[in-house]
Structures are given as structure tokens and as C-alpha cells.
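Breakdown of the fold
What follows is the residue order along each chain.
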Amino acid sequence: MNDLPVLHVKGRVLVGPEDVRDELWVVDGRVTYDRPLAAQDIRTVEGWTLPGLVDAHCHVGLGPHGPVPQDVAEQQALTDRAAGTLLIRDAGSPSDTRWTDAREDLPKIIRAGRHIARTRRYIRGYAHEIEPEDLVAYVAQEARRGDGWVKLVGDWIDREVGDLAPSWPRDAAKAAIAEAHRLGARVTAHCFAESSLRDLVESGIDCIEHATGLTDDLIPLFAERGVAIVPTLVNIATFPKLAEGGESKFPRWSAHIRRLHERRYDTVRSAYDAGIPVYVGTDAGGTLPHGLVAAEVAELAKAGIPPVEALAATTWAARAWLGRPGLEEGAMADLVVYDEDPRADVRVLAAPRRIVLNGRIIDGA
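Residues numbered from 1 in each chain as written. Predicted model: local features only at pLDDT ≥ 70, side-chain atom pairs only at ≥ 80, totals over all residues. Heavy atoms only, no water.

So, about the pattern of salt bridges. The tally for this structure, following the rule as stated, stands at 25 salt bridges. For Lys108, the salt bridge is made with Asp334, and the minimal N-O distance between the two is 2.6 Å. Residue Lys108 is found in strand β9 (residues 108-111), and its partner Asp334 is found in the loop between α12 (316-321) and β18 (335-338); the two are separated by 226 residues along the sequence. For Asp334, a relative accessible area of 4% puts it in the buried group. Linking Glu179 and Arg182 is a salt bridge whose minimum nitrogen-to-oxygen distance equals 2.9 Å. Of the two residues, Glu179 and Arg182 both sit in helix α3 (residues 170-182), 3 residues apart, roughly one turn of that helix. One continuous salt-bridge network, built from bridges that share partners, spans Arg170, Arg198, Asp199, Glu202 and Asp217. (Salt bridge = Lys/Arg side-chain N within 4 Å of Asp/Glu carboxyl O. Helix = DSSP H or I, 4+ residues; strand = E, 2+ residues; numbered from the N terminus. Buried < 20%, exposed > 50% of the residue type's maximum accessible area, 1.4 Å probe, protein only.)

Right, here's the structure in full:
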């Protein structure tokens, strides 16, 4: 990367919520706080600087009916990049997106392999659909394919019940999670309802996606075990429309997801107040558009999470959770620059002034 210009990033560099510096330099694509001695080609970037934003629940390569062509996946990733999302935890995709790893102009992706769901208990074309006796084997397969994560579908509508119901018996979930941990992978699960949560948490799961079913009696268990949640509030906003569409066939399910929607902000705030780690995820892909990271941060703030903590959930804290650097000395220079202080108003995130990825200024950003 020695053909890259030296960047002088100055103004206010938010290395952490309280660690604010006047400048940093980007040399050979990496962050340094030591002024280079003999730099010739220097470009200046000025403003309020954050580490590249994190979308911890995103699906590159996924469309409404399953995998999408590579050019569509590319556009999804570029849309996320334009919003300042430079690190994605891809929470399940049937597409092989490893080709993006060779592209220095695309966000970095941490993959969770393909969703693992119960037979005929998830969206068609998305997941491996299996029965409990095969869960350990499929978790092991996706743990080897992924980048340190595996994604289960923890609950979905059971047509015989007419409502959300757990996908996996407790013993199958426990054995599968243990196998993932043995292979060095963490496990997360899609969960809308209340009924699947205790078994998954007590079985050792690391994270719950959506977590709309989190109740007062379960919150202490999550906090004690350190289980994170990724609420995807921009996705939960679609629940009323989903309920309307399912009213005639599944009235019990429709009433249930309406209740989950109505208390969504209280659920997230109660989790945060109890010390449960909360991270930003949009659930982009499938039916939701990409590039919604700023909207999700704003939703966390609307739920009552303090603005700096909502910001941390897509920057410093999120990167630490995923084991990726921020603006540390020697880190690859992935950063976003804004005109105003995003700690004062998270809505600033919706208008990046400049994006730098792998030490390169992204044209048009």
C-alpha cells in the first residue's frame, strides 16, 4: 500500500468516547499518531472523526427470495459503505461473499455462515432447514465456514400452534453451542418471542438477535451470563405491517408481534439499564434496504440509551466486541469524518463528510 498518499486527519479524533485527539496520520494505509518525517504527498481531512461504523446484523448477498447475484451483493456493500459502515457482521447468508475480501474498496465482513433453521420454520431459500438430530453437525460445518460466528434461527411461527415457538429442544441447542465453542466460534440466534430465550441462554449462547421477547424475569439471566443483544429496531418497526398481513390466518401470532412491537423501546432500555451489552444492527438484506446504520443508532437513542452509548454500540464498543481495532496505533485506517460532534447528536451520522477505507479516501463520500 506504499503508493497511498499520506493523510493528515485533524480536528477532533474520537479514539474513544473520552479519548479525543487533535490529529492522526495515515501512512501506508495505517493509523499513526507520530508525524511522518519525510512525507511528500499529504492530503488533509478535517472534522469530527470516528472509527468506521459497525453494522452487527447485516446480510450481504441476501435478497427477498434468497441469494442474489454478485453485482447485487456488491451494490449492497457499497450502499453500506456510503453510510459509513466499514465493518459488517453478516448474520447469516446463503451467498458465498468471500470474494469481497480481495476488494479494498468494500467493507470488511465477519461472516456467520448460513442460517440454520428447523424444517419449514423459516423464510424459504435462506437457511439450512434441518431437524434437531442434525443440529450439531450443521453448527460444526458453519463454524468452520464462518469467521468465528454461527447463526441459529431460535424461533419462528409454528403453524400448528399459530404463533411463535422455539425451534430447538434444549438438549440439542446445548450440544450444538458447546460444539461451536469447541471449534472457537460464538453463537447467535434470531429470537422474536419469549419462549426460546431461557433455554438458549442457559445453554451458553453468546448473543441474541432482535430480543423483542426479553422480559423482566429474563433480564438478570442475560446480564449474569453476559449475553449481548442486537435489537435491530429498524426491522422491528415493520411488525405492525407484518401483523396486518397475517391477521386472517394467524390471529394469535399477529397479536403477539404487535405486543412485542409496542414494548420494543422499553425492552431495549431495560436491557441497557441492567448492563446487558447492546449493539447496532440493521438486519439489512432480505426485505430491508442497506445503509440504515444511522437510523438504527437514532432508534437506540429514542429507546433511551444515552447518545454516547448508542454511538459506542456502532463504534468503539462494537469493534471491541467483534475483536477488530478502531483508531489504535498501527490499525488499518477505516474511519468516517463528520461536520459536527456525533456525541452531541447521533443524527449527525446520517451525513458523513468523508470516508476513509483501508487508508484510501472514498471518492464521492
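Alright, that's what it looks like, and here's the rest.
Residue placement: Asp341 occurs in the loop between β18 and β19 (354-357). Of the polar contacts made by the side chain of Asp341, one reaches the backbone nitrogen of Arg343; its length is 2.9 Å. (Polar contact = N/O pair within 3.5 Å; in protein donor to acceptor, adjacent residues only side chain to side chain.)

What follows is about the environment of His115. Within the secondary structure layout, His115 lies in the loop between β9 and β10 (116-118). Assessed through its relative accessible area of 0%, His115 is described here as buried. A C-alpha to C-alpha distance of 8.6 Å links His115 and Glu129, two positions 14 residues apart in sequence. Excluding residues within four positions of it along the chain, His115 makes contact with His59, Leu62, Ala91, Gly92, Ser93, Tyr122, Tyr126, Ala127, His128, Lys151 and Val153. (Contact = heavy atoms within 4.5 Å.)

Here we come to empty space enclosed by the protein. All told, the structure shown has 1 cavity of 30 Å³ or more when counted by the stated rule. For the largest cavity, the calculated volume is near 50 Å³. Forming the walls of the largest cavity are Gly154, Pro166, Ser167, Trp168, Ala173, Ser195, Ser196, Asp199 and Leu200. Partitioning the lining of the largest cavity into residue classes produces 4 nonpolar, 4 polar and 1 charged. (1 Å grid on protein atoms, 1.4 Å probe; cavity = no way out; pocket = protein on both sides within 12 Å on 5 of 7 lines; lining within 4 Å. Points joined across faces, edges and corners; volume = space filled by probe spheres on them. Nonpolar A, V, L, I, M, F, W, Y, C, P; charged D, E, K, R; others polar.)

A few words now on the state of the cysteines. Taken as a whole, this structure holds 0 disulfides when the rule is applied. Just so you know, Cys58 is unpaired, no disulfide at all, and the nearest cysteine sulfur is the one on Cys207, 15 Å from it. A relative accessible area of 0% places Cys58 in the buried class. The thiol sulfur of Cys191 is not disulfide-bonded, and the nearest other cysteine sulfur, from Cys207, lies at 9.8 Å. By relative accessible area, Cys191 is classed as buried at 0%. (Disulfide = S-S within 2.5 Å.)

Further remarks concern the layout of surface pockets. A volume near 880 Å³ is recorded for the largest pocket. Among the elements of the structure, β13 (155-158) and α7 (239-246) are those that each provide at least two residues to the lining of the largest pocket. Here the lining of the largest pocket gets 4 residues from one element, more than from any other, and that element is α7. Residues belonging to the lining of the largest pocket are distributed by class as follows: 14 nonpolar, 12 polar and 7 charged.

Attention now goes to the sheet that holds β9. Strand order in this open sheet of 3 strands is β5-β8-β9, and the pairing throughout is parallel. Only two strands of the sheet have a single partner each, and these edge strands are β5 (53-58) and β9. Put simply, the sheet's adjacent strands are angled 20° from each other on average, direction ignored. Relative to strand β8 (residues 85-90), β5 is paired through 4 bridges, and the arrangement is parallel. Note that in β8 the partner of Asp55 across the bridge is Ile88. (Pairing = 2+ DSSP bridges. Axes fitted to C-alpha atoms, helices over the stretch in contact; angles between N-to-C directions.)

Moving on, we get to the pairing of β18. Residue alternation in β18 divides its side chains into two sets, Leu335 and Val337 and Val336 and Tyr338, and both sets are buried. In this structure, strand β4 (residues 42-51) lies alongside β18, joined through 4 bridges in antiparallel fashion. Bridged to Thr49 within β18 is Val337. Pairing of β18 with β19 involves 3 bridges; the strand directions are antiparallel.

Turning to the packing of aromatic side chains, a few remarks are in order. For the coordinates displayed, the defined rule picks out 6 aromatic pairs. Seen from their ring centres, Tyr279 and Trp321 are 4.1 Å apart, and the 10° between their planes marks the pair as stacked. Note that Tyr279 is positioned in the loop between α9 (264-273) and α10 (293-302) and Trp321 in helix α12, a separation of 42 residues in sequence. A single burial state applies to Tyr279 and to Trp321, both of which are buried. Between Arg264 and the ring centre of Tyr265, over which it is positioned, the NZ or CZ distance is 4.2 Å. (Phe/Tyr/Trp six-rings, centres within 6.5 Å; stacked < 30°, edge-to-face > 60°. Lys NZ or Arg CZ within 6 Å of the ring centre and 35° of its normal.)

Let's shift gears to a positive patch on the surface. A surface patch of positive charge is lined by Arg120, Arg124, Arg159 and Lys249. Note that Arg124 resides in the loop between β10 and β11 (128-130). (Patch = residues over 30% accessible without salt bridge, like charges linked within 9 Å, V, L, I, M, F, W, Y side chains within 5 Å. Areas by Shrake-Rupley, 256 points an atom, 1.4 Å probe, with all protein chains shown as cover. Lys, Arg positive; Asp, Glu negative; His and termini not counted. Charge placed at Lys NZ, Arg CZ, Asp CG, Glu CD.)

Looking now at unusual backbone geometry. Even without being a glycine, Thr232 presents a positive backbone phi close to 50°. Here Thr232 lies in the loop between β17 (228-230) and α6 (233-236). Note on Thr232: relative accessible area 0%, which makes it buried. Notably, Asn358 is not glycine yet its phi reads approximately 55°, a positive angle. For Asn358, the location among the structural elements is in the loop between β19 and β20 (360-361).

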